[in-house]
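If you want the building blocks of each chain, they are given just below.
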Amino acid sequence: MERLILFVYQNRAFFTFLALEIFCAWLIVENNAYQSTKFFNSSNGAVATINSFSQSVRDYFQLSDVNRILAIENAALRESLELERRISYSDSALPLDSAEAKRYEFISAKVVNNHVDFVKNFITIDKGREAGVEAGMAVISPLGVVGKVKLSSKRYSVVTSVLHIDVMVSAVLKRTEHFGTVQWDGINADLVEFNYIPRHVAPLKGDTVVTSGYNAVFPEGIMIGVIDEVTLRDEALFYELKVRLSQDFRKLSFVTVVKNNLQVEQDSLEQVILKLDR
């Protein structure tokens, strides 16, 4: 404290001059309309710039919370839209029962680890058995198909990504309604192969590919991507199609886990049929 007082005392002439300058500037601004207007306009602009910068900083650090809220809202919206779709497609003479109406539940989750550089890629999310996530459930994003839950612990789950050479997704060419199988070839993280489309179909570049709904995992109509390359070799039975994924897996942040409440019933019935045919 003594050093601070000594410093002020030694520089008393400078501080006196500075105080007089500030006082003179105040008198000029206070007693002249033009200078007063210019001062307040400049000061308001400076304050506005500072406030805008500070708000941008606050918004940046709040992005994670905002994204999480949006992911929860998106899951709720998907559930509502799925219910409306099923009601609209149901026969008025055979109304939807409560189980069919509530067939799908949607659980939002954050991606905490993700790989796209291997031939067998996995994704880790921050929801597990405690949130109702179990092995075998579909995982999607607002942009399209992501993968399928492989393992779940209490608070985390590992998802087998679509960018995994062993993962196959039943898909349909939306324009013609012909179905096939989507599978990654392990090369380009932006493209997957669409197999088993016969040569009489005539698919076009830009055609939309969505999930078929023919299994108990993915709901019908979830976006996969658009056809990017069309090849038909001489005397080949099927096209060689490349589909550009709608979801860029390098930018994956939040996903939605799809719980099919009727999956066990459907799988059990199909297993009985398989046993009877053997």
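In this text, all values refer to a predicted model and were calculated from it rather than measured experimentally. (Residues numbered from 1 in each chain as written. Predicted model: local features only at pLDDT ≥ 70, side-chain atom pairs only at ≥ 80, totals over all residues. Heavy atoms only, no water.)

*Asks:* Can you help me understand the overall build of the protein chain in this one?
*Replies:* Along its length, the protein chain carries 6 helices and 12 strands. Within the protein chain, the proportion of its 278 residues that are buried is 32%. In the structure as shown, the protein chain presents an accessible area of about 18,000 Å², 58% of it carried by carbon and sulfur atoms. (Helix = DSSP H or I, 4+ residues; strand = E, 2+ residues; numbered from the N terminus. Buried < 20%, exposed > 50% of the residue type's maximum accessible area, 1.4 Å probe, protein only. Areas by Shrake-Rupley, 256 points an atom, 1.4 Å probe, with all protein chains shown as cover.)

*Asks:* Can you help me understand the sheet that holds strand S9 (residues 208-211) in this one?
*Replies:* Paired through backbone hydrogen bonds, the strands of a sheet run either parallel or antiparallel to each other. Strand order in this closed barrel of 6 strands is S6-S7-S8-S11-S10-S9, and the pairing throughout is antiparallel. Strand-to-strand twist of the sheet, defined as the mean angle between neighbouring strand axes without regard to direction, takes the value 40°. Judged from the 3 bridges that link them, strand S7 (residues 178-183) and strand S8 (residues 191-195) form a sheet pairing that is antiparallel. Paired with glutamine 183 across the two strands is glutamate 193, which belongs to S8. (Pairing = 2+ DSSP bridges. Axes fitted to C-alpha atoms, helices over the stretch in contact; angles between N-to-C directions.)

*Asks:* Can you walk me through the packing of aromatic side chains in this structure?
*Replies:* The description of an aromatic ring pair uses the distance of the two centres, along with the angle that the planes make with each other. For the coordinates displayed, the defined rule picks out 2 aromatic pairs. Taken together, a centroid distance of 5.1 Å and an interplanar angle of 85° make the contact between phenylalanine 179 and tyrosine 214 edge-to-face. Residue phenylalanine 179 is located in strand S7, and its partner tyrosine 214 is located in the loop between S9 and strand S10 (223-231); the two are separated by 35 residues in the primary sequence. For tyrosine 214, a relative accessible area of 52% corresponds to the exposed category. Relative to phenylalanine 238, the ring of tyrosine 196 lies with its centre 5.8 Å away and its plane at 90°, an arrangement referred to as edge-to-face. A residue pair is termed long-range when its members are at least 10 positions apart, and tyrosine 196 in the loop between S8 and S9 and phenylalanine 238 in the loop between S10 and strand S11 (240-245) qualify at 42 residues. (Phe/Tyr/Trp six-rings, centres within 6.5 Å; stacked < 30°, edge-to-face > 60°.)

*Asks:* Where do I start with the pattern of salt bridges in this structure?
*Replies:* When the charged atoms of two side chains with opposite charge come close together, those side chains can pair. Inspection of the entire model under this criterion finds 8 salt bridges. Aspartate 190 is the salt-bridge partner of arginine 250, the closest N and O atoms lying 2.9 Å from each other. Taken together, the residues span a long stretch of sequence, with arginine 250 in the loop between S11 and strand S12 (254-260) and aspartate 190 in the loop between S7 and S8 at a distance of 60 residues. For arginine 233, the salt bridge goes to glutamate 240, with nearest N and O atoms at 2.7 Å. For glutamate 240, a relative accessible area of 38% puts it in the partly exposed group. (Salt bridge = Lys/Arg side-chain N within 4 Å of Asp/Glu carboxyl O.)

*Asks:* Even after reading the chapter, I still don't get a nonpolar patch on the surface, so can you show me in this structure?
*Replies:* A contiguous nonpolar patch, built from Met1, Leu4, Ile5, Phe7, Val8, Phe14, Phe15, Leu18 and Ile22 and spanning about 930 Å² of accessible area, is present on the exposed surface. By the secondary structure assignment, valine 8 is in helix H1 (residues 2-10). (Patch = residues over 30% accessible without salt bridge, like charges linked within 9 Å, V, L, I, M, F, W, Y side chains within 5 Å.)

*Asks:* Got a minute to help me understand the nonpolar core in this structure?
*Replies:* General note: in soluble globular proteins, nonpolar side chains tend to be found buried as a group. If you look at the biggest cluster of nonpolar residues, it comprises 45 residues, and the most contacted ones within it are Phe194, Val209 and Phe249. Among the elements that take part in this core, strand S1 (residues 104-114) stands out by supplying 5 residues, more than any other. Contacts of phenylalanine 194, omitting those with residues within four sequence positions, involve Ala171, Val172, Leu173, His178, Gly180, Thr181, Val182, Val209, Tyr239, Leu241 and Val243. (Core = buried A, V, L, I, M, F, W, Y, C linked by side-chain atoms within 4.5 Å. Contact = heavy atoms within 4.5 Å.)

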